[in-house]
Number of protein chains: 2
Amino acid sequence: MRERDIVGREGRFIAEGKVVLNVLLANPAFALESLLVLENRLAGLTGQIKLCPADVPVYCVARDVMDTIAGFPMHRGILAVGRRNDRRSSEELILAMPDKALAVVLCGISNHDNMGSIFRNAAAFEADAVLIDETSCDPLYRKAIRVSVGAALKVPFAREGSIEAIVTRLQSAGFEMFALTPSGMTSIHDAKPARRTALLLGTEGEGLPKSLLENLQTFKIPMSANFDSLNVATASGIALSRFSRFSGF
Amino acid sequence: MRERDIVGREGRFIAEGKVVLNVLLANPAFALESLLVLENRLAGLTGQIKLCPADVPVYCVARDVMDTIAGFPMHRGILAVGRRNDRRSSEELILAMPDKALAVVLCGISNHDNMGSIFRNAAAFEADAVLIDETSCDPLYRKAIRVSVGAALKVPFAREGSIEAIVTRLQSAGFEMFALTPSGMTSIHDAKPARRTALLLGTEGEGLPKSLLENLQTFKIPMSANFDSLNVATASGIALSRFSRFSGF
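All figures in this text were calculated on a predicted structure; none of them were measured in a lab. All residue numbers refer to position in the chain's written sequence, counted from 1. Lettering of chains starts at A and numbering of ligands starts at 1, both following the order in which they are written. Two thresholds apply to this predicted model, a pLDDT of at least 70 for residue-level local features and 80 or more for giving and counting side-chain atom pairs, whereas whole-chain, interface and lining totals are computed over all residues. The basis for the side-chain values is all heavy atoms of the structure; hydrogens and waters are excluded.

J.: Tell me about the pattern of salt bridges, and name the residues and values.
T.: Throughout this description, the term salt bridge denotes a Lys or Arg side-chain nitrogen within 4 Å of a carboxyl oxygen of Asp or Glu. Inspection of the entire model under this criterion finds 18 salt bridges over all chains. Of the charged contacts, one joins A:Glu16 and A:Arg146 as a salt bridge, the two residues approaching to 3.5 Å between their closest N and O atoms. Residue A:Glu16 is found in strand β1 (residues 12-16), and its partner A:Arg146 is found in helix α6 (residues 142-147); the two are separated by 130 residues along the sequence. Buried means the residue's accessible area, taken with a 1.4 Å probe over protein chains only, is under 20% of the maximum for its type, while exposed means over 50%, and partly exposed covers the values in between. Using a relative accessible area of 5% as the deciding quantity, one classes A:Glu16 as buried. Residue classification places A:Arg146 among the partly exposed positions, given a relative accessible area of 28%. B:Glu126 is the salt-bridge partner of B:Arg245, the closest N and O atoms lying 2.5 Å from each other. Placement of B:Arg245 in the segment after α9 (232-243) and of B:Glu126 in the loop between α5 (112-124) and β6 (129-132) is noted, with a sequence separation of 119 residues between them. Via salt bridges that share partners, A:Arg12, A:Glu33 and A:Arg83 belong to a single interconnected network. Secondary structure elements are taken from DSSP: a helix is a run of H or I of four residues or more, a strand is a run of E of two residues or more, and numbering for both begins at the N terminus.

J.: Go over the domain arrangement of chain A with me, naming the residues and quoting the values.
T.: Interface size is commonly expressed as the accessible surface area that is lost when the partners come together. Residues and elements named next belong to chain A. Bear in mind that the domain bounds are from an automatic or database domain assignment. Each assigned domain of chain A is listed here: domain 1 (3-84) and domain 2 (90-247). Between domain 1 and domain 2, the C-alpha centre-to-centre distance is 30 Å. Once two parts are put together, the accessible area they lose, assessed with a 1.4 Å probe and summed over both, is termed the buried area. Between domain 1 and domain 2, roughly 1200 Å² of surface is buried when both sides are summed, and carbon and sulfur atoms account for 63% of that area. At the surface where domain 1 touches domain 2, the tally comes to two salt bridges. A salt bridge links arginine 142 to glutamate 16, with the shortest nitrogen-to-oxygen separation between them at 3.3 Å.

J.: Can you explain the relation of the copies chain B and chain A? Please cite residues and give values.
T.: Once chain B is rotated about the relating axis by 180 degrees and shifted along it by 0.0 Å, it coincides with chain A to within an RMSD of 0.0 Å. Here the symmetry operator amounts to a two-fold rotation axis. The criterion used for residue contact is that any of the two residues' heavy atoms lie within 4.5 Å. Take the interface residues of chain B: 100% of them recur as interface residues in chain A, which is what a same-surface contact looks like. Our superposition of the copies is a least-squares fit, built on the C-alpha atoms of residues whose pLDDT is at least 70 in both.

J.: Please give an account of the pairing of strand β5 (residues 101-106) of chain B that cites residues and values.
T.: Both faces of the sheet carry side chains from a regular strand, because those side chains alternate between them. Residue and element names in this part refer to chain B. Most of β5 is tucked away, with six of its six residues classed as buried. Burial of the side chains of β5 extends over both faces: Ala101, Ala103 and Val105 are buried on one face and Leu102, Val104 and Leu106 on the other. Note that β5 and strand β10 (residues 196-201) share six bridges and pair parallel. Considered in β10, the bridge of valine 105 is made with leucine 200. When DSSP locates at least two bridges between a pair of strands, those strands are taken to pair. Pairing of β5 with β6 involves four bridges; the strand directions are parallel. Within β6, the position partnered with leucine 106 by the bridge is isoleucine 132. Handedness of the crossover joining β5 and β6 through α5: right-handed. With its strands directed away from the observer, a crossover is right-handed exactly when the path from the first strand over the helix to the second travels clockwise.

Next up, the structure:
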């Protein structure tokens, strides 16, 4: 069974492993549609299965059946099909954010590992939402969910429209934009987070569009001039640790 | 050909891709032993091949030959066998460090992705050395080198002995230890780097040994109490950005 035959239809996605399943069951914005469990994992999932709605089928299978369905060895032994009920637009998410808020804005993030890691960091530093442009990849892709340790099922997000449209909406809602780029004007160590802060991150290769950077305040993480820039997920961690309410600033 | 039949013998390793090859050729601590290049990549490597010593064989092959040798599709089209000439012990590396220094100390890091990412961050923030205990994995494993974007061939390192022995040697050399742990006493935002700073990082699962933490000053990255801790590589990036000379502290 191929992931693309399941996902993308009515907000469906594949979740792997117990940790991710727990996040899925705990968040009413997502629904569990079915569960496929390796026979030797069943006993350890009694609590989770009790939480499943009565109409959710739980299939318990032998290893060869599971590996055949997955198409590769499924070491985790737990595969869930989930559905996303939260279909709020980026505009609705922005309206729903608290007065003091931290938003993460992503432009052109095409690597699922990076997407998952950014969500993990967004959850760790309690970002209120992740707003993703239409050129970025889907945070509900199986690998992105796994790398996020379930954070992709925890932090509210919307993925739609152009980066320019997202930025305009945030600015209208009183968000101060902090665009992170190696050529940024101000050091992140000198940046003062605003009451409503939006952290804007682009691809590792191309970076953020020049036309966009010209109209925003830009920040950089000071580092060696002799080495390739940081991984974008690591950069998100550094910036979020600085801008989150946990920093004490 | 299996990696384990080549590496670990006389400090040999496998390096992939042009970026990593450039780092390898630029660092006299490493020697290139042979180069395997896909025929359509040869023209783009003229500069690199001129830098190869005359006795280094360069094999130029068709795609099916390369994939057969590698055992998997080799998209990058460039495979090098390298040898590490720098066999300094952790003691020698500590002696060689400048008066003002930043060392990264790793305990029980077993994941090659994390190892590579930590080296990438160490290079980005110009750490002087990485000291790795004997229970951690090899930064010269193919995947670790690739994820490090070559930094594993750039930042001096030693991998030997117990974590206790490494810490004792650093303390004798006047290094102040900063052990990063979720239960740390002080926030990293309040930490003041010392003239000689050693940043100590442990595994994501177990963390640093309790017996070690009892005798060191401990630090934490303040974050949500409701979410799994950060990835250790991300944590290294946050801590290095704070402790490096680029932070302005």
